Amino acid sequence: MSQFNYINEMNSLLTLDGPLTKGPTPRWQKKCMENSSSVNSTLNSSKQKSITSINASNSKTPNKCIDNDLVRTKKTPKTPKNKSTTPTPNKGAKTPNGADRFIPLRSAAHFELGNFKILHSNDTENLSPTSKEVQRTMYENLHGTDISSQRILSYQHKAPSAPEGFQNPRRVIYTQTKTPASAKSNSRYIPQAPDRILDAPDIIDDYYLNLVDWNASNILAVALGANIYLWNAGTGKIDQLMELSGSDYVCSVSWIQEGDYLAVGTSMGTVELWDCSQIKRLRIMDGHSARVGSLSWNSYILSSGCRSGQIIHHDVRQRNHNVLNVNGHSQEICGLKWSTDGKYLASGGNDNVLNIWPATSGNHTQTQPIYTLTSHQAAVKALAWCPWQPNILASGGGTADRHIRFWNCQTGTCVNAVDTKSQVCALLWSTTYKEIASGHGFANNQLIIWKYPSMVKVTELTGHTARVLHLAVSPDGSTILSAGADETLRLWKCFVKNPIKNKETSQLKGKTSLLKQSIR
Amino acid sequence: MAALKNKSAITVKGSAEIICEYLNFGTNSILFQRGIYPPEDFKNVENYGLQIYMSQNNKIKEFLSSTFCQLKDWLMKQVVNKVALIITNVKTREVMERWDFNVQYVGDVNNPDEKSDKPLKLIQNEIREVLKQIAASVAYLPLLDCLCSFDVQIYTKNDIDLPAEWADAQPADIKNAQCVKLRSFSTNIHKMETAVTYKNDD
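Residues numbered from 1 in each chain as written. Chains lettered and ligands numbered in written order. Predicted model: local features only at pLDDT ≥ 70, side-chain atom pairs only at ≥ 80, totals over all residues. Heavy atoms only, no water.

1. A few points about the overall build of chain B
Along its length, chain B carries four helices and 10 strands. Helices and strands appear in chain B in the N-to-C order α-β-α-β-β-α-β-β-β-α-β-β-β-β. Relative to its 202 residues, chain B shows a buried fraction of 51%. Taking the contacts inside chain B whose residues are at least 6 apart along the sequence as the reference set, 72% of them involve residues at least 24 apart. (Helix = DSSP H or I, 4+ residues; strand = E, 2+ residues; numbered from the N terminus. Buried < 20%, exposed > 50% of the residue type's maximum accessible area, 1.4 Å probe, protein only. Contact = heavy atoms within 4.5 Å.)

2. Thoughts on the overall build of chain A
When you go through chain A residue by residue, the secondary structure sums to 10 helices and 29 strands. Here chain A holds 520 residues, and the buried ones make up 44% of them. For chain A, the proportion of contacts with a sequence separation of at least 24, taken over those separated by at least 6, is 48%. Looking at chain A as shown, the accessible area adds up to about 28500 Å², and 53% of this sits on carbon and sulfur atoms. (Areas by Shrake-Rupley, 256 points an atom, 1.4 Å probe, with all protein chains shown as cover.)

3. Thoughts on the interface of chain B and chain A
Chain B puts 45 residues into the contact, and the matching count from chain A is 26 residues. When chain B packs against chain A, close to 3300 Å² is buried across both sides, 57% of that on carbon and sulfur atoms. In terms of surface lost to chain A, no three residues of chain B exceed Leu143, Leu147 and Glu165 of chain B, which account for 18% of the buried area on that side. The interface formed by chain B and chain A includes one salt bridge. In this structure, lysine 158 of chain A engages aspartate 151 of chain B in a salt bridge whose closest nitrogen and oxygen atoms are separated by 2.8 Å. Taken together, chain B and chain A are joined by six residue pairs in polar contact (both at pLDDT 80 or more). (Buried area = accessible area lost by both parts, 1.4 Å probe. Salt bridge = Lys/Arg side-chain N within 4 Å of Asp/Glu carboxyl O. Polar contact = N/O pair within 3.5 Å; in protein donor to acceptor, adjacent residues only side chain to side chain.)

4. Observations regarding the confidence of the model for chain B
Residue and element names in this part refer to chain B. On average, residues of chain B score 84 in pLDDT, and 95% of them are at 70 or above. Mean pLDDT across the elements of chain B ranges from a minimum in helix H1 (residues 2-7), with 45, to a maximum in helix H2 (residues 12-33), with 90. Within the model, the stretch residues 1-6 combines pLDDT values under 50 with one contact to residues more than four positions away or in other chains. Two numbers describe this predicted complex: its pTM, 0.49, and its ipTM, 0.75. (pLDDT = per-residue confidence, 0-100.)

5. Observations regarding the nonpolar core
The nonpolar side chains of a soluble globular protein tend to be buried with one another. Core analysis: the largest hydrophobic core is formed by 59 residues, its most contacted members being Tyr22, Val80, Trp99 and Phe150 of chain B. It is H2 of chain B that contributes the most residues to this core, 10 residues altogether. In this structure, Ala200, Leu211, Ala223 and Leu244 of chain A belong to the second largest nonpolar core, which totals 34 residues. (Core = buried A, V, L, I, M, F, W, Y, C linked by side-chain atoms within 4.5 Å.)

6. Side note on helix H3 (residues 58-77) of chain B
Taking 1.5 Å as the rise per residue, H3 of chain B with 20 residues should run 28 Å; its terminal C-alpha atoms sit 29 Å apart, in good agreement. Immediately downstream of H3 of chain B, the backbone of glutamine 78 of chain B shows phi near 60 degrees, a positive value. (Expected span 1.5 Å × (residues − 1).)

7. Description of the sheet that holds strand E21 (residues 403-408) of chain A
Strand pairing in a sheet is mediated by backbone hydrogen bonds. Such pairs are either parallel or antiparallel. All names here are of chain A. Ordered in space as E19-E20-E21-E22, the four strands form an open sheet in which the pairing is antiparallel. At either margin of the open sheet sits one strand with a lone partner, and together these are strand E19 (380-385) and strand E22 (413-419). Sheet twist, expressed as the average angle between the axes of neighbouring strands with direction ignored, equals 20 degrees. Strand direction decides the pairing type here: strand E20 (residues 392-397) and E21, joined by five bridges, are antiparallel. Directly across from serine 395, in E21, lies its bridge partner arginine 405. (Pairing = 2+ DSSP bridges. Axes fitted to C-alpha atoms, helices over the stretch in contact; angles between N-to-C directions.)

8. What to know about the UniProt feature "repeat: WD" (unreviewed entry) in chain A
Within this structure's numbering, the places UniProt gives as "repeat: WD" (unreviewed entry) are residues 326-367 and 461-493 of chain A. End C-alpha to end C-alpha, residues 461-493 of chain A measures 11 Å, and it is 0% helix and 52% strand. (UniProt positions renumbered as here; feature names shortened; annotations may be inferred.)

9. A few points about the pattern of salt bridges
All names here are of chain A. Summed over the entire model, instances satisfying the criterion amount to 23 salt bridges over all chains. Among the salt bridges present, the one from aspartate 419 reaches arginine 402, with a minimum N-O distance of 3.9 Å. Separated by 17 residues along the polypeptide, aspartate 419 in strand E22 and arginine 402 in the loop between E20 and E21 bring together distant segments of the chain. If you follow the salt bridges from partner to partner, you end up with Asp206, Arg291, Arg307 and Glu332 in one network.

10. Notes on the packing of aromatic side chains
One pair of aromatic rings is described through two measures. These are the centre distance and the angle between the planes. Across all of its chains, the model carries 17 aromatic pairs over all chains by this definition. For the pair tyrosine 207 of chain A and tyrosine 208 of chain A, a centre-to-centre distance of 5.6 Å together with 90 degrees between the ring planes defines the contact as edge-to-face. The partly exposed category is assigned to tyrosine 208 of chain A, whose relative accessible area is 23%. With a centroid separation of 6.2 Å and an interplanar angle of 90 degrees, the aromatic rings of tyrosine 37 of chain B and phenylalanine 150 of chain B are classed as edge-to-face. With tyrosine 37 of chain B in the loop between H2 and strand E2 (42-47) and phenylalanine 150 of chain B in strand E7 (residues 148-157), the pair connects residues that are 113 residues apart, well separated along the chain. (Phe/Tyr/Trp six-rings, centres within 6.5 Å; stacked < 30°, edge-to-face > 60°.)

11. Observations concerning the sheet that holds strand E15 (residues 333-338) of chain A
Residues and elements named next belong to chain A. In spatial order, the strands read E15-E16-E17-E18; together these four strands make up an open sheet with antiparallel pairing. Two strands bound the open sheet, and with one partner strand each, they are E15 and strand E18 (371-373). This sheet shows a mean twist of 15 degrees between the axes of neighbouring strands, independent of strand direction. Pairing geometry for E15 and strand E16 (residues 344-349), over five bridges, is antiparallel. Within the sheet, the bridge partner assigned to tryptophan 338 lies in E16 and is leucine 345.

12. Overview of the packing of H2 of chain B against H3 of chain B
All names here are of chain B. As a packed pair, H2 and H3 sit with axes 9 Å apart at the nearest point and diverge in direction by 150 degrees. Classified by the angle their axes make, H2 and H3 are roughly antiparallel. Considering the relative orientation of H2 and H3, their crossing is right-handed. Contact residues: H2 offers Val12, Lys13, Ala16, Glu17, Ile19, Cys20, Leu23, Asn24, Thr27, Asn28 and Leu31, while H3 offers Ile60, Leu64, Phe68, Leu71, Lys72, Leu75 and Met76. Its residues assigned to classes, the contact of H2 with H3 shows 12 nonpolar, three polar and three charged. (Parallel < 35°, antiparallel > 145°, perpendicular 65-115°, else oblique. Left-handed = near helix turned anticlockwise from the far one by under 90°. Nonpolar A, V, L, I, M, F, W, Y, C, P; charged D, E, K, R; others polar.)

13. Some points on the pairing of E15 of chain A
Counting buried residues along E15 of chain A, five of its six residues qualify, which places the element largely inside the surrounding structure. In this structure, the hairpin formed by E15 of chain A and E16 of chain A is closed by a connection of five residues, where glycine 342 of chain A is found at a positive phi of approximately 70 degrees.

14. Some thoughts on unusual backbone geometry
Residues and elements named next belong to chain A. Of note, the amide linkage connecting phenylalanine 442 to alanine 443 takes the cis form, showing an omega dihedral of 10 degrees. Following the sequence through the fold, alanine 443 ends up in the loop between strand E24 (435-440) and strand E25 (447-451). Residues tyrosine 452 and proline 453 are joined by a peptide bond in cis, for which omega reads 5 degrees. Of note, proline 453 is situated in the loop between E25 and strand E26 (457-461). Even without being a glycine, asparagine 218 presents a positive backbone phi close to 70 degrees. Locating asparagine 218 in the fold gives a position in the loop between strand E3 (212-214) and strand E4 (219-224). Non-glycine residue asparagine 445 carries a positive phi angle of around 50 degrees. In this structure, asparagine 445 sits in the loop between E24 and E25. Since its relative accessible area comes to 13%, asparagine 445 is described here as buried.

15. Topic: the pairing of strand E10 (residues 190-199) of chain B
Residue and element names in this part refer to chain B. In terms of burial, E10 is largely enclosed, as seven of its 10 residues are buried. Two elements, strand E5 (residues 95-105) and E10, share nine bridges in a ladder whose sense is antiparallel. Across the sheet, the residue bridging to tryptophan 99 is valine 196, located in E10. Between strand E9 (residues 177-186) and E10, which pair antiparallel in sequence order, lie three residues; one of them, asparagine 188, sits at a positive phi of approximately 70 degrees.

Next comes the structure, spelled out in structure tokens:
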């Protein structure tokens, strides 16, 4: 028992400064007790009880002396008993009572909160008057005004932001690209002189008429006064198609997209339909009160524009040909063009208005235009739809306007505009190159070929001694014909395909098709 | 003689009009040059011997006209310190760029009938130089590669009646800002200093 005396002594010594003499034993004590009990249990079991009871009541501090080799070998058997003797542990017992060291508990110390408090304690509201004063004078020195004597105001009805999906067009400036693709092919050779010159006696010098058209089977129809002549560009053969009597004259000619049917607008207000393979008139369609200066085909629908400002859509297959009359202009219609995909009809008039009409299922237009564009300051005669971008329309204005404008007909916006310094009588897109040709009047009576969309001049073709009234393109796209008021027709070989480039593209096409086959 | 002199003189009202006109052209030019709205929305207008792109969007036009109409009133009362054009990212609401137009009253502040005899031609030449600089700013300003909107904030004196449809706004500060001062011009009544502050990426 002497050993217990010793333990007791040690306990009393150690517990002198500790306030907890009663109460639950800390875990480390329990561990030690366990050990000691296990030691004792080897001797006899009756003693063990008394020891544990003593330990429990006095809350003994550990005693290292008790530790011996047997600790590890016999550990578990007695634990349930020990547990029953000690009350449920409370949290206060976590830290050792008797220790004189302070061990901080990191999880309990609110570091984030502390950090936040330190960093964000300088709220303006909590500032001392002196530091407020310092801040105010600093601001005054920096900005020249008092911080407190100023308000920031803004209008509440904010402007809208750009439409969703809009990308900053300035991106181009920041991206490093080589010279634009259009610049390199500028060196193409374009003959400055016309390939051929044909006489066109008595061609009417009238801006508002459309007297020339070239069809897919290489036949050019030209209206000269009261006559219409057909010139076969392949053979050079000339046929007279018709002649009007009296003082009447032909105001417009237009070939159907495929085949040999020619529509003819006259000064009487009638529209005639001719089969040119047989030189035979098929029908006369009336409905207009004044001369028909413009015609355009959309499949079986022939649209005609009149001096009265009225457009009539004729269904050439039907007995009652007059499908729809629409009024979009207050003055003579001089430009009328269906888009290449047949979705829109563009009409330009002497009232300086350009109308875009949407097509309906019957291939004619609705009664109201979707866009009425009034940007031109003069009559709009020259109209041309882009062959590779079906919703891009080019339009040219007369003497007072002199602009070529490009329209996106999906949005109705003007995409580009260029001042040509001269009346724009006709426009024609190239199907070979990304270029557009324009025919002009005073002062140079020239043709200009422009790069699209940069609108850089590729070349100017001069030769006409009076204004270029009409333009037409050959079916292969290589030659353009210009009809001038100087009674000449000039053929310009300005869109001839580059033979080397052609080979390359055809090879390329062959390769891609092979690739497609192999994928399948 | 006096009447002759007054003919070419600029009143306080006229000076405020010149300032507002400049701000209108400047703002439109910034909106176009910085690519905040599609270029199709803009129309070329010649002014001060320059081609300036003006927005044709009705809502933008309306916003600017009502803002500058009110501003003109305040300029005449000499309560405006600064006009700021704020360009913010629509998605993150982050301020991308700020154009400051600082106003100073150089003439006799207490005299409402003050007149300036600075020739209009000279003022317009000065304005033209600033507008040229604005157009040229594209060269050094970073690309606004996000959907952006703009706002106009007017810094006024404290003792002002808040008109209807106007409200207090929060100052728009830019993190890691870089500031470039442009030229200034003066009507001898108002002096206008222009500066652009933008976010420095590196």
